[in-house]
Amino acid sequence: MLADRIRAMGAPHWIGLYAAILAAWAVLWAMAAASAPGGLADIYGAAFWEALCAPAADAAGLGRLWAMWALMGAAMMAPTALPAFATYEDLGHAAPTRFWALAGGYLAVWAGFAAFAALAQTGLWQVGLLDPLGASTSAALTGVLLALAGLYQFSPLKEACLSRCRAPLTFFMAHWNDGPWRMGLRLGAVCLGCCWALMALAFVGGTMNLGFMALGMMLMALEKLPMGRVLTRPLGALLLAAAALVAAGVI
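Sequence positions are assigned chain by chain, starting from 1 and proceeding in written order. Side-chain atom pairs in this predicted model are given and counted only at pLDDT of 80 or more, local residue features only at pLDDT of at least 70, and totals for whole chains, interfaces and linings cover all residues. With hydrogens and water set aside, each side-chain value is computed from the structure's full complement of heavy atoms.

### Considerations on the overall build of the protein chain
- Scanning the protein chain from N- to C-terminus turns up 14 helices and zero strands.
- Written out in order from the N terminus, the α and β elements of the protein chain read α-α-α-α-α-α-α-α-α-α-α-α-α-α.
- Counting over 251 residues, the protein chain shows a buried share of 47%. Under the DSSP-based scheme used, a helix requires at least four consecutive residues in state H or I and a strand at least two consecutive residues in state E, with every element numbered from the N terminus. Using a 1.4 Å probe on the protein chains alone, a residue whose accessible area is under 20% of its type maximum counts as buried, one over 50% counts as exposed, and one in between counts as partly exposed.

### A closer look at the packing of helix α2 (residues 12-32) against helix α7 (residues 96-126)
- Comment: axis = line fitted to C-alpha atoms, over the contacting stretch for helices; angle = value between 0 and 180 degrees taken between N-to-C directions. Look at α2 against α7: their axes get within 10 Å of each other, and the N-to-C directions meet at 30 degrees. In terms of orientation, α2 lies roughly parallel with respect to α7. For α2 against α7, the interelement crossing comes out right-handed. Counting all contacts with α2, which are made through His 13, Trp 14, Gly 16 and Leu 17, the residues of α7 involved are Pro 96, Phe 99 and Trp 100.
- Ten residue types, Ala, Val, Leu, Ile, Met, Phe, Trp, Tyr, Cys and Pro, are classed as nonpolar, four, Asp, Glu, Lys and Arg, as charged, and the remainder, Gly among them, as polar. Considered class by class, the residues forming the contact of α2 with α7 number five nonpolar, two polar and no charged. Between 65 and 115 degrees an angle is taken as roughly perpendicular, under 35 as roughly parallel, over 145 as roughly antiparallel, and anywhere else as oblique. The hand of a helix crossing depends on one turn: near helix anticlockwise from the far one by less than a right angle means left-handed, and clockwise means right-handed. We call two residues contacting when some pair of their heavy atoms lies within 4.5 Å.

### Concerning the state of the cysteines
- We call a pair of cysteine sulfur atoms a disulfide whenever their separation is within 2.5 Å. Going through the model one piece at a time under the given rule, you end up with zero disulfides.
- Free of any disulfide, Cys 195 has its nearest cysteine sulfur in Cys 191, 4.3 Å distant.
- In this structure Cys 195 comes out as buried when scored by relative accessible area, which is 1%.

### Things to note about helix α10 (residues 168-175)
- Looking at α10, one finds that the buried residues are Pro 168, Phe 171, Phe 172 and His 175. All buried residues of α10 fall inside an arc of 90 degrees around its axis, so they share one side. Away from its buried face by more than 90 degrees, α10 exposes Thr 170, Met 173 and Ala 174. Think of it as the arc spanned by the lines of direction from the helix axis to the C-beta atoms.

### Focus: the layout of surface pockets
- A volume near 210 Å³ is recorded for the largest pocket.
- We place a 1 Å grid over just the protein atoms. Points where a 1.4 Å probe fits but has no way out form a cavity, open points with protein on both sides within 12 Å along at least 5 of 7 lines form a pocket, and any residue with an atom within 4 Å of a point lines it. Taken together, Leu 146, Leu 198, Leu 201, Phe 212, Leu 215, Gly 216, Leu 219, Met 220, Leu 235, Leu 238 and Leu 239 make up the full set of residues lining the largest pocket.
- Counting only elements with at least two residues in the lining of the largest pocket, the list comes to α13 (210-223) and α14 (229-247).
- The leading source of residues in the lining of the largest pocket is α13, at five residues.
- Of the residues that constitute the lining of the largest pocket, the class distribution is 10 nonpolar, one polar and no charged.
- Of the volumes computed, that of the second largest pocket is approximately 160 Å³.
- The set of elements that each furnish at least two residues to the lining of the second largest pocket consists of α7, α8 (139-152) and α11 (180-200).
- If one sorts the elements of the lining of the second largest pocket by residue count, α7 sits on top with five residues. Grid points are joined across faces, edges and corners, and a volume is the space filled by probe spheres set on the points.

### Considerations on the environment of Val 190
- With respect to the helices and strands, Val 190 occurs in helix α11.
- For the pair Val 190 and Tyr 106, spaced 84 residues apart in sequence, the C-alpha separation works out to 9.6 Å.
- Once you skip the residues sitting within four places of it in the chain, Val 190 turns out to touch Cys 161, Arg 164, Cys 165 and Phe 171.

### Let's talk about the packing of α7 against α11
- Contact geometry of α7 with α11 gives a least axis separation of 7 Å together with a crossing angle of 35 degrees. Between α7 and α11 the crossing geometry is right-handed.
- Residues belonging to the contact of α7 with α11 are distributed by class as follows: 18 nonpolar, four polar and one charged.

### Here we look at the side chain of Gln 153
- Relative to the assigned elements, Gln 153 resides in the loop between α8 and α9 (156-165).
- With a relative accessible area of 4%, Gln 153 lands in the buried category.
- With sequence-adjacent residues up to four places away left out, Gln 153 is seen in contact with Lys 158, Leu 198, Glu 223, Thr 232, Leu 235, Gly 236 and Leu 239.

### Considering the pattern of salt bridges
- A carboxyl oxygen of Asp or Glu within 4 Å of a side-chain nitrogen of Lys or Arg is what we treat as a salt bridge. On inspection of all chains with the given rule, the structure shows three salt bridges.
- A salt bridge links Glu 223 to Lys 158; its shortest N-O distance comes to 2.9 Å. Placement of Glu 223 in helix α13 and of Lys 158 in helix α9 is noted, with a sequence separation of 65 residues between them. Neither Glu 223 nor Lys 158 differs from the other in exposure class; each is buried.
- Residues Arg 166 and Glu 159 are paired through a salt bridge, measuring 3.8 Å at the closest nitrogen-oxygen approach.
- On the accessibility criterion, Arg 166 (9% relative accessible area) is buried.

This is the structure in structure tokens:
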């Protein structure tokens, strides 16, 4: 029953997950506020926030970028997996330790993606294709990223990954013997297969653009629902149209 499910999602481990998601959003908001006149940059000093948010080629700079992308992964992707987490708990009446093992495996995949994204952001910034806040300074890069994301919306791999995300019960029954950690890794890999191209669009709008993050989270969450079938291809067409307009110099 829906009422039972809602009550169950008020258990301490669920509250902890919600708190972690909200904390990730709060830290991202603080980082994004660095560039706002009269905001946190004026309170703590612009140099502090520029050092925190801007890419750099050294290990410390890569570490900061990794942390930022990892926070984006937690803030944007964990909410899209809530139906899967709830299904897992319903199946096994999972103890909190097993629940956290599943969630940990899922987030570990996005932590790995964060490392790749941090390296990509640093490299693109060094060759002048991104500004310090991670937004594209090149119409060519913008067009390529939009076209790539648009084409991927029509790909068999995207459809295969989405079909698993939309049927978490079937997914868990197929892999139940793997245990929660490995199932979390599998779930994260499937989710990455669904969403990596849309996440890469952060390089179009800027990695510190909270509007992009909120819109991206909403679209990716809707795509993973059964009704999301009506969204995937139209979104792909819209992205391809935007890529064509960029190529034509209209936008």
